[in-house]
Amino acid sequence: MPVQVWNIEVKNRAQALQEIAAVGADRIGCRLMAPKAVHRVLKISGLTPVQANVLKQEMLARGGEVAVARGVVEHAVEKTDVLLMGTLKQFDALLAKLKMQPFGLSALAEEIRRVLQNLEGRPVRRLDCRGRELVLGERTLVMGILNVTPDSFSDGGRFYDPGRALEHAHRMVEDGADIIDLGGESTRPGYTPVTVEEEMRRVIPVLERLVQEIPVPISVDTTKAAVAREALEIGAHIINDQWSLRADPEMAAVVARYDAPVIFMHNQEGTEYRDLMGDIIRFFRESIALALEAGINLEKIIIDPGIGFGKTVEQNLEVMSRLSELACLGLPVLLGTSRKSMIGKTLNLPADQRMEGTAATVAIGIAAGVDIVRVHDVKEMVRVARMTDAMVRRKPARCACGEE
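Residues numbered from 1 in each chain as written. Predicted model: local features only at pLDDT ≥ 70, side-chain atom pairs only at ≥ 80, totals over all residues. Heavy atoms only, no water.

1. A short note on the packing of helix H6 (residues 162-174) against helix H7 (residues 196-213)
Two numbers describe how H6 lies on H7: the axes approach to 10 Å, and their chain directions differ by 30 degrees. Comparing the axis directions of H6 and H7 gives the class roughly parallel. Viewed along their axes, H6 and H7 form a crossing whose handedness is right-handed. Between H6 and H7, the residues in contact are Pro162, Gly163, Ala165, Leu166, Ala169 and His170 and Val206, Arg209, Leu210 and Glu213, respectively. (Axes fitted to C-alpha atoms, helices over the stretch in contact; angles between N-to-C directions. Helix = DSSP H or I, 4+ residues; strand = E, 2+ residues; numbered from the N terminus. Parallel < 35°, antiparallel > 145°, perpendicular 65-115°, else oblique. Left-handed = near helix turned anticlockwise from the far one by under 90°. Contact = heavy atoms within 4.5 Å.)

2. What to know about unusual backbone geometry
The backbone of arginine 130 sits at a positive phi, close to 50 degrees, despite the residue not being glycine. Looking at the secondary structure, you find arginine 130 in the loop between strand E4 (125-129) and strand E5 (132-136). For arginine 339, which is not glycine, the phi dihedral falls at a positive 60 degrees. The topology assignment puts arginine 339 in the loop between strand E12 (334-335) and helix H12 (341-347).

3. Looking at the nonpolar core
Judged by nonpolar contacts, the single largest core of 99 residues is most densely connected at Leu84, Ile112 and Leu207. Here this core gets eight residues from one element, more than from any other, and that element is helix H10 (residues 276-294). Sequence-distant contacts of leucine 84, defined by excluding residues within four places in its chain, comprise Arg40, Val41, Leu42, Ile44, Leu55, Met59, Glu65, Val66, Phe91, Leu94 and Ile112. Among the nonpolar cores identified, the runner-up in size contains twelve residues, and Leu127, Leu141, Ile179 and Ile238 belong to it. (Core = buried A, V, L, I, M, F, W, Y, C linked by side-chain atoms within 4.5 Å. Buried < 20%, exposed > 50% of the residue type's maximum accessible area, 1.4 Å probe, protein only.)

4. Description of the pairing of strand E10 (residues 262-265)
The side-chain alternation of E10 yields two buried faces, one formed by Val262 and Phe264 and the other by Ile263 and Met265. Strand direction decides the pairing type here: strand E9 (residues 238-241) and E10, joined by three bridges, are parallel. Within the sheet, the bridge partner assigned to isoleucine 239 lies in E10 and is valine 262. Each parallel crossover has a hand, and the one from E9 via helix H9 (residues 251-258) to E10 is right-handed. Examined bridge by bridge, E10 and strand E11 (residues 301-304) share four bridges and lie parallel to one another. Bridge pairing links phenylalanine 264 to isoleucine 303 in E11. Following the chain from E10 across H10 to the adjacent parallel E11, one finds a crossover that is right-handed. (Pairing = 2+ DSSP bridges. Right-handed = clockwise from strand over helix to strand, strands pointing away.)

5. Some thoughts on empty space enclosed by the protein
Overall, the coordinates contain one cavity of 30 Å³ or more when judged by the stated rule. Computed from the structure, the largest cavity encloses a volume of approximately 40 Å³. Contributing to the lining of the largest cavity are Arg122, Pro123, Arg125, Leu136, Gly137, Pro332 and Asp371. Tallied by class, residues from the lining of the largest cavity come to three nonpolar, one polar and three charged. (1 Å grid on protein atoms, 1.4 Å probe; cavity = no way out; pocket = protein on both sides within 12 Å on 5 of 7 lines; lining within 4 Å. Points joined across faces, edges and corners; volume = space filled by probe spheres on them. Nonpolar A, V, L, I, M, F, W, Y, C, P; charged D, E, K, R; others polar.)

6. Some remarks on the sheet that holds strand E8 (residues 218-221)
The strands that make up a sheet pair up through hydrogen bonds in the backbone, lying either parallel or antiparallel. Judged by pairing direction, the sheet is parallel, and its eight strands sit side by side in the order E11-E10-E9-E8-E7-E6-E13-E12 without closing on themselves. Only two strands of the sheet have a single partner each, and these edge strands are E11 and E12. Strands in contact with H10 are E10 and E11; relative to E10, the strand with the most contacts, it is inclined by about 145 degrees.

7. Focus: H7
Between its first and last C-alpha atoms H7 spans 25 Å; for 18 residues at 1.5 Å apiece the expected length is 26 Å, and the two agree. Along H7, the sharpest change in direction is near 30 degrees and occurs at valine 203; proline proline 205 comes one to four residues later. Elements in contact with the buried residues of H7: E5, strand E6 (141-147), H6, strand E7 (179-183), E8 and helix H8 (225-234). (Expected span 1.5 Å × (residues − 1). Bend = angle between axes of the 7 residues up to and from the residue.)

Next up, the structure:
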């Protein structure tokens, strides 16, 4: 047959092993060449000129590439960002050298190592939701939205009555929802905040019936520690905090006390960013530090990039195009785009005509590695998720070198 040339995409070491074995390389060759087949570009912020210069010299000496700000060599800047570009083999050699260096570079080497490991993919794991279980990483989970508010942007008032709310929750489970997310305070643009007492009045009667009748985990969407405490006492399984422990100083202690999984959503006042994805990742790292200090188990944290919160339409679209960058944190990712204004403004459609736009965001999210999608239209989005899973969640075959 004629000679043919084409490209393949190698995402991690396991896939590199598989591809190299497929051409007939021997076992030793597979292991030696796999780290050379995976290329990474890492961005590091806040380095001093001394740190940046050492990093540059060491990476260049190993055949990699480095980008730094002008003035770093002459120490004309106080801090700089750095881009490191190289194969896993080059990074391995760099880290071995950095561990012996002063200027805080040994600690930096450990952080680089963690990020590189996280980029290799997350294993399938079981999340204990206070007695109910979710399997993360096997297939995309679907979270059904249950708003018991009179003013939600999409379904305001439809499920304000506890009886109708319970009926809708049952329907979502029948349609394939893996989680029900119960919220008692609208967060649409221009919303009016409600008191703790009013939020409880809306949420608690519905929650009391949900935990008795619904077989899947129930998440409560709240930023108030008092509401979270009462919900967990009644039997809620997950707390979904749109301010990632920052709105209420007591929230971290409540989540830790009840050993509940918690969802951290990125949020901020205004839409100013120095570096969009870098700032979002820094936000999560700060909230994770708060959580760990309070005694929350890292294995119980899920992150949500906060589409529609503290971002312009263009910024939301950029986050969607860069979702895979969240993999550096090594945590499960939830994506909530259902019927949001990003879709409405892009397609010029009202909230009740945004299903196709939602489906596009769900498919793109799953392709980028998200683990959970939060949606209104459960039956339809379950179908989108299963089809997308069939294409992107393919288990690697065992290669000839005996490794996956």
